[in-house]
Protein chains: 2
Amino acid sequence: MARSQYQPKLPSSLWGAVKAVQGEPTQSVADQEEIKALFPNTYGLPELTFEKDPKQSKLAGAQFNVGVILSGGQAPGGHNVISGLFDGIKAINKANRLYGFLMGPGGLVDHNYVELTSEIIDEYRNTGGFDIIGSGRTKLEKPEQFEKGLVILKELNIKAVVIIGGDDSNTNACVLAEYYKAKNVGIQVIGCPKTIDGDLKNEMIETSFGFDTATKVYSEVIGNIQRDCNSAKKYWHFIKLMGRSASHIALECALQTQPNYCIISEEVEAKNMTLDAIVADIAGVVAKRAAKGDNFGTVLIPEGLIEFIPAMKALIAELNDLLAAHPEFAGLDAAAQREFVLNNLSEANAASFKSLPAGVARQLTLDRDPHGNVQVSLIETEKLLSEMVGNKLKEMKEAGEYVGKFSPLHHFFGYEGRCAAPSNFDADYCYALGYNAAQLVNCGATGYMSSVRNLTKPSVQWIAGGIPITMMMNMERRNGEMKPVIQKALVDLDGKPFNKFASKREEWALNTCYLYPGPIQYFGPAEVCDQTSRTLYYEQGGK
Amino acid sequence: MARSQYQPKLPSSLWGAVKAVQGEPTQSVADQEEIKALFPNTYGLPELTFEKDPKQSKLAGAQFNVGVILSGGQAPGGHNVISGLFDGIKAINKANRLYGFLMGPGGLVDHNYVELTSEIIDEYRNTGGFDIIGSGRTKLEKPEQFEKGLVILKELNIKAVVIIGGDDSNTNACVLAEYYKAKNVGIQVIGCPKTIDGDLKNEMIETSFGFDTATKVYSEVIGNIQRDCNSAKKYWHFIKLMGRSASHIALECALQTQPNYCIISEEVEAKNMTLDAIVADIAGVVAKRAAKGDNFGTVLIPEGLIEFIPAMKALIAELNDLLAAHPEFAGLDAAAQREFVLNNLSEANAASFKSLPAGVARQLTLDRDPHGNVQVSLIETEKLLSEMVGNKLKEMKEAGEYVGKFSPLHHFFGYEGRCAAPSNFDADYCYALGYNAAQLVNCGATGYMSSVRNLTKPSVQWIAGGIPITMMMNMERRNGEMKPVIQKALVDLDGKPFNKFASKREEWALNTCYLYPGPIQYFGPAEVCDQTSRTLYYEQGGK
């Protein structure tokens, strides 16, 4: 396949011999004392920046082996991180070897691995998916796991483990780095920032890989749907987009496609909006468009919405407690269950429960995870919203506030984008992250995340280096305990991408300003093939 | 946008001056006497083939105006048919004008139109959608409509109407051609073969436009899902694909992506399969893969399936009659409704009804169209099948015939593909169809469909001409009456594309042979950008 021939571009600082330039010692973003106490050996490390080494003519180093792990959900470009890492360690020393632990962090613990040879690597260059070694969700957090891992790492003579994952996986990478450093076993741990959700970012990590490609795939199909919508002129499309909590994906897709409506969960929470308020707002847009004769439109919905609606969050929390305390609930019939819930909830939450369409309300009491909690991701928010909007429009019609037809259609996009072949941006960025990780290993770093910055500039000007993971941490409550974790980046309501959206949405709502980005292109002119996400573009000063 | 610069390629026979070469008089595919009687003026016409005219140095002709109509569902490439038509009539005479009737055939009847100038045309070249003039589903079949149309056609001095549509729209185009010819009003009617469903084809019309692009878009996202499936290794994806009746789309996507299972409705009907038999077959594949440790997979489902299952067809027909005869049914509660249905259906249909998951069975008695019929398209076949497969697997587990985990996910793709920007193939094919239609108008043809053939060859070698629409007709029962209609092309179970699939499916089911076609490329090497559909490739002798 022609795509495998693509040679990802590296920052010029990584061409040939490199030296690591140390910056100032760093501090965690918050809770410095606690984080320092938990990470005595990996706290306060300096930032590292790689520069051309004028003293050496060629990149070279001692022989070492590296292990690599894919952790958590798929994201486009994972295979390029691995091929960049492979090429990076081979450039340092031809005898270096790369081992892949299979099906996620569990592969390290259970000693399932494969050596990644050039034959295997070449088959996966520039492809999507994590199928080269598989991924998994086992959390590396217990000393027993670290010890089991140590056995195989020593056996394979591995100097460093590269963990490719999201915020939690990188937090755990740092815990592992700290553990091995405290034990002085000579094994380094390096993280790589992965997640389509786009919520692993900060000043030093400009974006997580995969976000660019996934949002471009979603925007392609959203654009196609909008073109259909604008041709048929008779449907309202409610489109839910994957993303566990933050709304970066929805915001980015809105900036790329200019839909009539896009919900941003962070704004819903900040404004303390109820579900009814959101529904009324959408219904208002539907009515205004209908008044112009436009009985069609598009609505983007972030998957994590429900938990950002304060009233829903409160309802779900009380429901979880209530049903956990009443195992007899399961034995009641549907009508009795509903009555039980309404009688036992607080007044405010009972009102929220009552306001929901019956099917959704029932779903909240049925689909529960093994811990007895509502499985929020199973709620079909796109259908919930369209049903409620339909009901609201009926009321408005009776009140003479709406004249029109409302035919909703529903979509959910997620799995379509996580394993797409990487865009040129992600292909380059991922390859650079992996190649750069090899340099971090070579210079002895541990507890660092591979960092490639300056991303809206041409890739030769990208800045490569390492950022101490502790620098991104703060203390947060998780399952009732305070834990050191990498701060999740939610959509910043004062940030440039959101402001751009907020300044345009009124116009996009009433007029039809759809954009149709089309499929990702690999081979064409740079203005088609090599654009970053709109989020990154606006964040870095684009107008 | 760079894509608008693409210059679609024309067959070399349409470069410069052309002459129409007449073939032998034609016959309809069946029911010759009836069709001839219904179309005395447009029956038996010769095929036309365009060749370079050695006697003329330049394409030229008298001044004329043309009207164009988009009819029915969207298909990628419609804008290129129109731009080809525009360029074609302008090449004949610069003073020629093109009028677009708005929102489908209704625009002709109601005199809603716009003149399509080069400014408008240039904005839409190589774009997806039908939004340039909109489309609609008004059926042109009554003399009053033809007469109303005639008023505006005369007013605008229009010599010919080009109707871009599917089998029904082209049938009606021919009825209109016959009507105007019989009245001798001097207005020609030309059809163009459009539908993503791929069921408007025959010896002379090798494929309908839009099928190529739509199936490539679906295959892109199916491929991405398969890569995800093969990375996560924990889900079975049930993927429904649009297509009103024929399974060409599902078959083409299966050939492009090699899923673990693909249902072909035509085979289900031919083998007289029950829903239970399909479910058992899928469950068998799930169990065999699970025995190898592979608890994941993909299933493609054609949207029209239900009506091809003989037992379901019988059940739905009896339900329609039963409920129409018992208006009191609506007043019963859910349990009573179910009992009523079970007591009043024939034994065989009651058994089918009982075998359905309760939710689906209920849906069959609820969602009815304005004529009181079950709205088959509302049945979520993908969920129906996965639920029944899950139940079947439970039984098999108890019987010791299955060990594994079964977690299904669901998708429906349709609106994502109908308005995609056309692939290079569809961009060229559509442009050629439109340009060719202009030549048919110029040579005085009416009741013809624009035909461009030899499509697996390079576009310069394509054969352009016109096919009498009556040639594709037979008599079929529609709403209780025998009507002349273009024969729909269902999947041919003796044809090469199906045979290719059938010879491979066993292997694709048990092993994981997924292909990941990736997004449509416009700018790259020809082997990436200029492939036809697999269906066309195999039909024309590809191995």
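Residues numbered from 1 in each chain as written. Chains lettered and ligands numbered in written order. Predicted model: local features only at pLDDT ≥ 70, side-chain atom pairs only at ≥ 80, totals over all residues. Heavy atoms only, no water.

**Details of the interface of chain A and chain B**
Every contact between the two is made by 47 residues of chain A and, on the other side, 48 residues of chain B. Summed over both partners, the interface of chain A with chain B comes to about 3,600 Å²; 55% of that surface belongs to carbon and sulfur atoms. Looking only at chain A, the three residues that lose the most surface to chain B are A:Arg227, A:Tyr415 and A:Glu416, adding up to 19% of its buried area. Where chain A packs against chain B, one counts 6 salt bridges. A salt bridge links A:Arg227 to B:Asp131; the shortest N-O distance between them is 3.1 Å. Seen at the junction of chain A and chain B, the total is 22 residue pairs in polar contact (both at pLDDT 80 or more). Of all the secondary-structure elements, those providing two or more residues to the side of chain A that touches chain B are α7 (211–232), β11 (408–413), α16 (415–418) and α19 (526–529) of chain A. Residue classes in the side of chain A that touches chain B are distributed as 21 nonpolar, 14 polar and 12 charged. (Contact = heavy atoms within 4.5 Å. Buried area = accessible area lost by both parts, 1.4 Å probe. Salt bridge = Lys/Arg side-chain N within 4 Å of Asp/Glu carboxyl O. Polar contact = N/O pair within 3.5 Å; in protein donor to acceptor, adjacent residues only side chain to side chain. Helix = DSSP H or I, 4+ residues; strand = E, 2+ residues; numbered from the N terminus. Nonpolar A, V, L, I, M, F, W, Y, C, P; charged D, E, K, R; others polar.)

**Comments concerning the sheet that holds strand β11 (residues 408–413) of chain B**
Two strands in a sheet stick together by hydrogen bonds in their backbones, pointing the same way (parallel) or opposite ways (antiparallel). Residues and elements named next belong to chain B. Here 4 strands make up an open sheet; going across it, the order is β9-β10-β8-β11 and the pairing parallel. Lying at the two open borders of the sheet, with one neighbouring strand each, are β9 (261–262) and β11. Sheet topology places strand β8 (residues 236–241) next to β11; 6 bridges connect them, and they run parallel. Each residue of the ladder has a partner; that of isoleucine 239, found in β11, is histidine 411. Strands in contact with helix α8 (residues 248–257) are β8, β9 and β10 (297–302); relative to β10, the strand with the most contacts, it is inclined by about 155 degrees. (Pairing = 2+ DSSP bridges. Axes fitted to C-alpha atoms, helices over the stretch in contact; angles between N-to-C directions.)

**So, the packing of helix α8 (residues 248–257) of chain A against helix α18 (residues 496–510) of chain A**
All names here are of chain A. Where α8 meets α18, the closest approach of the two axes is 10 Å, and the angle between their N-to-C directions is 55 degrees. Accordingly, the angle class assigned to the pair α8 and α18 is oblique. α18 is crossed by α8, and the crossing has left-handed handedness. Between α8 and α18, the contacting residues are Leu251, Ala254 and Leu255 on the first element and Pro497, Phe498, Lys500, Phe501 and Trp508 on the second. A class-by-class count of the residues in the contact of α8 with α18 yields 7 nonpolar, no polar and 1 charged. (Parallel < 35°, antiparallel > 145°, perpendicular 65-115°, else oblique. Left-handed = near helix turned anticlockwise from the far one by under 90°.)

**As for the packing of aromatic side chains**
With the rule as written, the count across this model stands at 30 aromatic pairs over all chains. Considering the side-chain rings of B:Phe498 and B:Phe501, the 6.0 Å spacing of their centres and the 55 degrees angle between planes classify their relative orientation as tilted. Placement of the pair is B:Phe498 and B:Phe501 together in helix α18 (residues 496–510), with a separation of 3 residues, close to one helical turn. The rings of A:Tyr99, A:Phe101 and A:Tyr113 are connected pair by pair, giving a single aromatic cluster. Sitting over the face of the ring of B:Phe412, B:Lys240 holds its NZ or CZ atom 4.8 Å from the ring centroid. Lying over the aromatic face of B:Tyr537, B:Arg534 brings its terminal NZ or CZ to 4.5 Å of the ring centre. (Phe/Tyr/Trp six-rings, centres within 6.5 Å; stacked < 30°, edge-to-face > 60°. Lys NZ or Arg CZ within 6 Å of the ring centre and 35° of its normal.)

Keep in mind these numbers describe shape, not what the thing actually does.
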